[in-house]
Amino acid sequence: MAQFGGASLAFLWPNLKSGFGSLITVPDPPDSITSQIIGSRQPYYLGMGRFYLINYAGDGDKPGGPYEGLTATVPNAGGRLMALYQKCAHLGCRVPFCQQSQWFECPCHGSKYNYAGEYQLGPAPSGLWRFPVKIDGGQVKVDTSSPTSNPPRGTNTIHQAPEGPFCV
């Protein structure tokens, strides 16, 4: 009985060492990620972490801003990486990035978020959640165990209008 109880408890107790819900090390180096983002004009997506990395160019990560402590400066690349959770703030659908509009657009109910994941249109109550990002030893590390609350409606640190037609 004791062995069965111990085995049951071990099964129910999560031991997250990798994957979503833990600290994830991105396989590509930070300067390569920044180059990919700039070259392709779309975020870097890591499926196992369920997040996008964007090259954040707004002013929200300054002291007192809504994203203070959530970005990581890429040495020698001139960018700041921010991790956005792929889940829509409305009903939890995966929100893809639209290459045409340069916004995130939810295919379920049409919520739209600018490049920084800030609410712009649709039924979503707020923007996309964020994860803390750090660059340590030349590697990007994203802590998916501690999402940071999404910015409220009206937050617009990058002032980006859609750059083309919407996908949804």
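The text that follows walks through the structure, step by step, so that each part is easy to find.

1. Quick look at the layout of surface pockets
The computed volume of the largest pocket comes to approximately 210 Å³. Taken together, 13 residues form the lining of the largest pocket, with Ile37, Asn55, Gln102, Tyr115 and Gln160 sitting closest to its centre. Across the lining of the largest pocket, the residue classes tally to seven nonpolar, four polar and two charged.

2. Here's the deal with helix 2 (residues 30-40)
Turning to helix 2, its buried residues are Pro30, Ile33, Thr34 and Ile37. Seen end-on, helix 2 carries its buried residues on one side only, within an arc spanning 95°. At its buried positions, helix 2 is contacted by strand 2 (44-46), strand 3 (51-55), strand 4 (71-74), strand 5 (79-85), strand 11 (133-136) and strand 12 (139-143). Two residues or fewer past helix 2, Arg41 is found with a positive phi of approximately 55°.

3. Considerations on the state of the cysteines
Counted according to the given criterion, the structure contains two disulfides. Each disulfide pairs two cysteine sulfurs, and for Cys93 the partner residue is Cys108, the sulfurs being separated by 2.1 Å. One disulfide, between Cys93 and Cys108, carries an S-S torsion of -120° and so falls in the left-handed class. Of the two residues, Cys93 sits in the loop between strand 5 and strand 6 (97-98) while Cys108 sits in the loop between strand 7 (103-105) and strand 8 (112-113), which places them 15 residues apart along the sequence. The disulfide partner of Cys98 is Cys167, and the gap between their sulfur atoms is 2.0 Å. Disulfide Cys98 to Cys167: torsion about the S-S bond roughly 75°, handedness right-handed.

4. Topic: the pattern of salt bridges
Counted under the stated rule, the structure contains three salt bridges. Among the ionic pairs, Arg41 bridges to Glu163, the shortest N-O distance being 2.4 Å. With Arg41 in the loop between helix 2 and strand 2 and Glu163 in the segment after strand 12, this pair connects stretches of sequence that are 122 residues apart. The partly exposed category is assigned to Arg41, whose relative accessible area is 44%. Put simply, Asp136 and Lys141 hold a salt bridge, and the shortest N to O gap is 3.9 Å. Residue class for Asp136 comes out partly exposed when judged on its relative accessible area of 48%.

5. Thoughts on the packing of aromatic side chains
Following the criterion strictly, the structure yields ten aromatic pairs and no others. Aromatic side chains Phe20 and Tyr85 sit 5.5 Å apart centroid to centroid with 20° between the ring planes, which places their arrangement in the stacked category. Note that Phe20 is positioned in the loop between helix 1 (2-12) and strand 1 (23-25) and Tyr85 in strand 5, a separation of 65 residues in sequence. Accessibility expressed as a relative area gives 24% for Phe20, which makes it partly exposed. Judged by relative accessible area, which is 14%, Tyr85 ranks as buried.

Parameters and conventions
Residues numbered from 1 in each chain as written. Predicted model: local features only at pLDDT ≥ 70, side-chain atom pairs only at ≥ 80, totals over all residues. Heavy atoms only, no water. 1 Å grid on protein atoms, 1.4 Å probe; cavity = no way out; pocket = protein on both sides within 12 Å on 5 of 7 lines; lining within 4 Å. Points joined across faces, edges and corners; volume = space filled by probe spheres on them. Nonpolar A, V, L, I, M, F, W, Y, C, P; charged D, E, K, R; others polar. Buried < 20%, exposed > 50% of the residue type's maximum accessible area, 1.4 Å probe, protein only. Helix = DSSP H or I, 4+ residues; strand = E, 2+ residues; numbered from the N terminus. Arc of directions from axis to C-beta. Contact = heavy atoms within 4.5 Å. Disulfide = S-S within 2.5 Å. Salt bridge = Lys/Arg side-chain N within 4 Å of Asp/Glu carboxyl O. Phe/Tyr/Trp six-rings, centres within 6.5 Å; stacked < 30°, edge-to-face > 60°.

It is worth stressing that arrangement in space is one thing and function is another; only the former is reported here.
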